[in-house]
Amino acid sequence: MFNDIFDNIVKIMSDDEEIRSSGALLNETLKTFISSYNLSGLNTKRLINTIINNIKTNNHHIKIFLVDWLDTLNEIPSLKIIVYLDYVLSDLLRMLGDK
């Protein structure tokens, strides 16, 4: 269920300002939930795949959203997302060169 919600928030982040604002509220609630509760049901691999599949976008709102989520996930010691760094590092470095 979490991954379905996350997928839809990614889509919302590419919409107009008013919709992004509403999506941002949902996003903050979701991050609070993920950071505060047992994550045994979280499909980390699917979540990272969603990030990987969307990080190549030209939409800077989505890029910021995804980098923020990588940071949030990195702060949760039980997730150990460092094992997925290989899959996102080149895209993160490419983003540094974006204008």
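Position numbers for residues start from 1 in each chain and track the written sequence from start to end. In keeping with the model being predicted, local features are shown solely for residues with a pLDDT of at least 70 and side-chain atom pairs are shown and tallied solely at 80 or more, while totals for entire chains, interfaces and linings include all residues. For side-chain calculations, the full set of non-hydrogen atoms in the structure is used, while hydrogens and water are omitted.

Observations regarding the packing of aromatic side chains
Then, in step 1: Note on ring pairs: Phe, Tyr and Trp rings are taken, using the six-membered ring of Trp, and paired if centres are within 6.5 Å. Classes follow the plane angle, with under 30 degrees stacked, over 60 edge-to-face and the rest tilted. Counted under the stated rule, the structure contains two aromatic pairs.
Then, in step 2: Aromatic side chains Phe6 and Trp69 sit 5.2 Å apart centroid to centroid with 85° between the ring planes, which places their arrangement in the edge-to-face category. Here Trp69 lies in helix 4 (residues 60-74) and Phe6 lies in helix 1 (residues 2-12), a separation of 63 residues in the sequence. Neither residue differs from the other here; Phe6 and Trp69 are each classed as buried.
Then, in step 3: Taken together through their ring pairs, the aromatic side chains of Phe6, Phe65 and Trp69 make up a single cluster. Strands are runs of DSSP state E lasting at least 2 residues, helices are runs of H or I lasting at least 4, and numbering of each runs from the N terminus. Partly exposed describes any residue whose relative accessible area lies between the buried limit of under 20% and the exposed limit of over 50%, with all areas from a 1.4 Å probe on protein chains only and scaled to the type maximum.

Remarks on the confidence of the model for the chain
Then, in step 1: The predictor reports its confidence for every residue as pLDDT, a score running from 0 up to 100. A residue-level look at the chain finds 95% of positions with pLDDT of 70 or above and a mean pLDDT of 85.
Then, in step 2: The lowest-confidence element of the chain is helix 5 (residues 85-96), averaging 86 in pLDDT; the highest-confidence one is helix 4, averaging 90.

A look at the nonpolar core
Then, in step 1: As used in this record, nonpolar core signifies buried Ala, Val, Leu, Ile, Met, Phe, Trp, Tyr and Cys residues forming a set joined through side-chain atoms within 4.5 Å. The biggest cluster of nonpolar side chains holds 25 residues, and the ones touching the most others in it are Phe6, Ile51, Trp69 and Leu73.
Then, in step 2: Listed by contribution, the elements that provide at least two residues to this core are helix 1, helix 2 (17-36), helix 3 (44-54), helix 4 and helix 5.
Then, in step 3: For this core, the element with the highest residue contribution is helix 4, accounting for six residues.

Side note on a nonpolar patch on the surface
Then, in step 1: On the surface, Ile82, Val83, Leu85, Leu89, Leu93 and Leu96 cluster together into a nonpolar patch covering about 600 Å² of accessible area.
Then, in step 2: Along the chain, Leu89 falls in helix 5. Each patch is built from residues lacking any salt bridge and having more than 30% relative accessible area; the joining distance is 9 Å for like charges and 5 Å for nonpolar side chains (Val, Leu, Ile, Met, Phe, Trp, Tyr). Here the accessible surface of atoms and residues is derived via Shrake-Rupley with a 1.4 Å probe, and residues count as covered only by protein chains that are part of the display. A pairing counts as a salt bridge when a side-chain nitrogen of Lys or Arg comes within 4 Å of a carboxyl oxygen of Asp or Glu.

Points about the side chain of Thr50
Then, in step 1: Relative to the elements of secondary structure, Thr50 occurs in helix 3.
Then, in step 2: The exposure class of Thr50 is buried, given its relative accessible area of 10%.
Then, in step 3: Look past the residues within four positions of Thr50 in its chain and what remains in contact with it is Phe6, Asp7 and Val10. Note on contacts: a residue pair is in contact if any heavy atoms of the two residues lie within 4.5 Å.

Structural notes on the environment of Met1
Then, in step 1: Counting through the fold element by element, Met1 comes out in the segment before helix 1.
Then, in step 2: Judged by relative accessible area, Met1 falls into the exposed class, the value being 79%.
Then, in step 3: Linking Met1 and Asn43, residues 42 residues apart in sequence, is a C-alpha distance of 9.5 Å.

A short note on helix 4
Residues spaced three or four apart along an α-helix face the same direction, because each turn holds 3.6 residues.
Then, in step 1: Here the expected length of a helix is defined as 1.5 Å per residue gap, with one fewer gap than residues. Its 15 residues place the ends of helix 4 21 Å apart at the C-alpha level, agreeing with the 21 Å of an ideal helix rising 1.5 Å per residue.
Then, in step 2: Counting of polar contacts relies on pairs of N or O atoms within 3.5 Å, with two restrictions inside protein: one atom must be capable of donating a hydrogen and the other of accepting it, and residues adjacent in sequence are counted only when both atoms are side-chain atoms. Capping of helix 4 at its N-terminal end is provided by Asn59; its side-chain oxygen lies 2.8 Å from the backbone amide nitrogen of His61.

Re helix 1
Then, in step 1: Looking at helix 1, one finds that the buried residues are Phe2, Asn3, Phe6, Asp7, Ile9 and Val10. Each buried residue of helix 1 lies within a common arc of 160° when the element is viewed along its axis, so the set occupies one face.
Then, in step 2: On the buried face of helix 1, the contacting elements are helix 2, helix 3 and helix 4. The directions from the helix axis to the C-beta atoms form the arc being described.

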